[in-house]
Amino acid sequence: MNIILLGPPGAGKGTQASKLVADRGMVQLSTGDMLRAAVKAGTPIGLKAKAVMEAGELVSDEIVSGLIGEKLDSMAASEGAIFDGYPRTEAQAHSLDEILASRGRVLDHVIELEVDEDALVERITGRYTCANCGEGYHDRFKQPKAEGVCDVCGSTEFKRRPDDNEETVRTRMAEYRAKTAPILPVYEARGLVRRVDGMADMAEVSAAIAAILDN
Ligand SMILES: [Zn+2]
């Protein structure tokens, strides 16, 4: 089973990917992380990427493809792959087909966690945490039982992440749409795209993804 997992920041993509790794022994291929790891480990592709980045240039598709191939070759045939953050372009989508085909793999599904942008803004901008123990709260969905006092530790200090503001959320949504726009039609045409409601409870989202994979 090989899938591409798509979803804007805040849709819970990371959580769902971790769950697939834990429950099904799948391997997450996050190109950003893989690039950093390859550079650090000094693999042949990593050394090439390092030289390119040190020259201030963008890492080419060829390097990214090499990185993915290197990773797939290190996996057992029984281990499924979750592609995260790749492909971004139609050309990369075609490269991915070739990389998989040359290893006897196929792309089974492209799963998109769909969000309602306004609801996502509300979800993200309303969240805050206890400054002392880190317990999470939300303006609308989870207020402390006693106003202004942490349920867990009694602290009266809370904090919000500066990124959790409307403008940032909307900018990230726009970036996400721009990044997926080139590849979604490619996979739509092949009937591979499955949509899951990313605004549902975490458990419901997991169940919906499991139903797709088990179908
Ligand atoms: Zn606390």
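Because the structure is predicted, anything quoted here is derived from the model rather than measured.

### Quick look at the environment of V152
Take V152: it is sitting in the loop between strand 6 (136-138) and strand 7 (158-159). Here the alpha-carbon distance between V152 and A41, two residues 111 residues apart in the chain, equals 42 Å. Ignoring sequence-local partners within four residues, the contact set of V152 consists of C133, E135 and Y137.

### Description of the coordination of the zinc ion
Donor atoms from the polypeptide that coordinate the zinc ion comprise C130 (SG), C133 (SG), C150 (SG) and C153 (SG), at 2.3 to 2.4 Å from the metal. The sequence pattern describing where the donors of the zinc ion fall on their chain is C-x2-C-x16-C-x2-C. Since its relative accessible area comes to 1%, C130 is described here as buried. The exposure class of C133 is partly exposed, given its relative accessible area of 37%.

### Digging into helix 1 (residues 13-24)
Compared with the 16 Å implied by 1.5 Å per residue over 12 residues, the 16 Å span of helix 1 between its first and last C-alpha is a close match. Turning to helix 1, its buried residues number three or more, namely Q16, A17 and L20. For helix 1, the angular spread of buried residues about the axis comes to 100°, placing them on one side. Within two residues after helix 1, G25 carries a phi angle of roughly 65°, on the positive side.

### Notes on the confidence of the model for the chain
Considering every residue of the chain, the mean pLDDT works out to 93; 100% of them sit at 70 or more. Averaged over each element, pLDDT in the chain is lowest for helix 2 (residues 31-41) (89) and highest for strand 7 (97).

What counts and how
Residues numbered from 1 in each chain as written. Predicted model: local features only at pLDDT ≥ 70, side-chain atom pairs only at ≥ 80, totals over all residues. Heavy atoms only, no water. Helix = DSSP H or I, 4+ residues; strand = E, 2+ residues; numbered from the N terminus. Contact = heavy atoms within 4.5 Å. Donors = N, O, S within 2.8 Å, 3.2 Å for Na, K, Ca; no water. Buried < 20%, exposed > 50% of the residue type's maximum accessible area, 1.4 Å probe, protein only. Expected span 1.5 Å × (residues − 1). Arc of directions from axis to C-beta. pLDDT = per-residue confidence, 0-100.

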